[in-house]
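Structure assessment
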Amino acid sequence: MEKIKIQYLEPDTPRLEYIDGKSDWIDLRAAEDVELKAGEFRLIHLGVAMQLPKGYEAHIVPRSSTFKNFGVLQANHMGVVDESYCGPGDWWRFPALAMRDTTIRKNDRICQFRIMKHQPAIVFEEGRLSGEDRGGFGSTGIC
């Protein structure tokens, strides 16, 4: 089992925990109250900084309920934090773009992350593909 050194913004910041049996993603919470008007952008502090093990990165995405509950989109679609972002001031944040006026309260769960190994080294070999043609982009229909 890998160990990850973590720094919390405040002593009362809820501690991260792995929810066994439900998912291998871990929820992250807003570390501040945020009010946004439609069209506004804000980096929402998540209250944690981490020192990931060498060869690993964190993938940060919205929770499935984030848009429904708060009307925000993650501006970069998916955040990637690699092991070099590990200093005491390298706080994790959620880049939120508000699609409607909204309020996010401190400790609201707004995103989630998981730790992944780096992609292995690969070499691209040029040549004609020999797999079965599926019909191109968007060819599987809408149902």
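Before going into details, it helps to say that this report is about the structure given with it. Just so it is clear, the structure is predicted and the values come from calculations on it, not from any experiment.

A word on unusual backbone geometry. A positive phi angle is found at His77, which is not glycine, with a value near 65°. Looking at where His77 falls in the secondary structure, it is placed in the loop between β7 (72–74) and β8 (79–82).

All right, on to the packing of aromatic side chains then. Evaluated as defined, the whole model comprises 1 aromatic pair. Relative to Phe113, the ring of Trp92 lies with its centre 5.2 Å away and its plane at 85°, an arrangement referred to as edge-to-face. One end of the pair, Trp92, is in the loop between β8 and β9 (93–98); the other, Phe113, is in strand β11 (residues 109–117), and 21 residues separate them in sequence. As far as the burial class goes, Trp92 and Phe113 line up, both buried. Across the ring face of Tyr8, the terminal group of Arg15 is positioned such that the distance to the ring centre comes to 3.9 Å.

On to the sheet that holds β11, then. On the basis of which strands lie adjacent, the open sheet formed by 4 strands has the order β2-β11-β6-β8 and antiparallel pairing. Only two strands of the sheet have a single partner each, and these edge strands are β2 (26–29) and β8. The mean inter-strand angle of the sheet, taken between neighbouring strand axes irrespective of direction, is 30°. Pairing between strand β6 (residues 56–62) and β8: 4 bridges, direction antiparallel. Counted as the bridge partner of His59 is Val80 from β8.

Mapping Val48 onto the fold places it in strand β5 (residues 48–51). Here Val48 falls in the buried class, since its relative accessible area comes to 2%. Separated by 20 residues in the primary sequence, Val48 and Leu28 place their C-alpha atoms 8.7 Å from one another. When near neighbours in sequence (up to four residues on either side) are disregarded, Val48 contacts Ile6, Gln7, Tyr8, Leu16, Leu28, Trp91 and Trp92.

Further remarks concern the pattern of salt bridges. Per the stated rule, a full pass over the model turns up 5 salt bridges. Close ionic contact of Asp24 with Arg114 constitutes a salt bridge, the shortest N to O distance being 2.4 Å. Within this pair, whereas Asp24 is found in the loop between β1 (5–8) and β2, its partner Arg114 is found in strand β11, the two being separated by 90 residues in sequence. Across the pair Asp27 and Arg63 runs a salt bridge whose closest N-O atoms are separated by 3.0 Å.

A few words on the sheet that holds β7. Backbone hydrogen bonds hold the strands of a sheet together, and the pairing may be parallel or antiparallel. The 3 strands lie next to each other as β4-β9-β7, forming an open sheet whose pairing is antiparallel. Among the strands making up the open sheet, the edge pair consists of β4 (41–45) and β7. Going across the sheet, the axis of each strand differs from the next one's by a mean of 40°, ignoring polarity. Relative to β9, β7 runs antiparallel, the two being bridged by 3 bridges. Bridge assignment links Leu73 to a residue of β9, and that residue is Leu97.

Cut-offs used in this document
Residues numbered from 1 in each chain as written. Predicted model: local features only at pLDDT ≥ 70, side-chain atom pairs only at ≥ 80, totals over all residues. Heavy atoms only, no water. Helix = DSSP H or I, 4+ residues; strand = E, 2+ residues; numbered from the N terminus. Phe/Tyr/Trp six-rings, centres within 6.5 Å; stacked < 30°, edge-to-face > 60°. Buried < 20%, exposed > 50% of the residue type's maximum accessible area, 1.4 Å probe, protein only. Lys NZ or Arg CZ within 6 Å of the ring centre and 35° of its normal. Pairing = 2+ DSSP bridges. Axes fitted to C-alpha atoms, helices over the stretch in contact; angles between N-to-C directions. Contact = heavy atoms within 4.5 Å. Salt bridge = Lys/Arg side-chain N within 4 Å of Asp/Glu carboxyl O.

Read these as layout, nothing more, since geometry by itself doesn't imply function.
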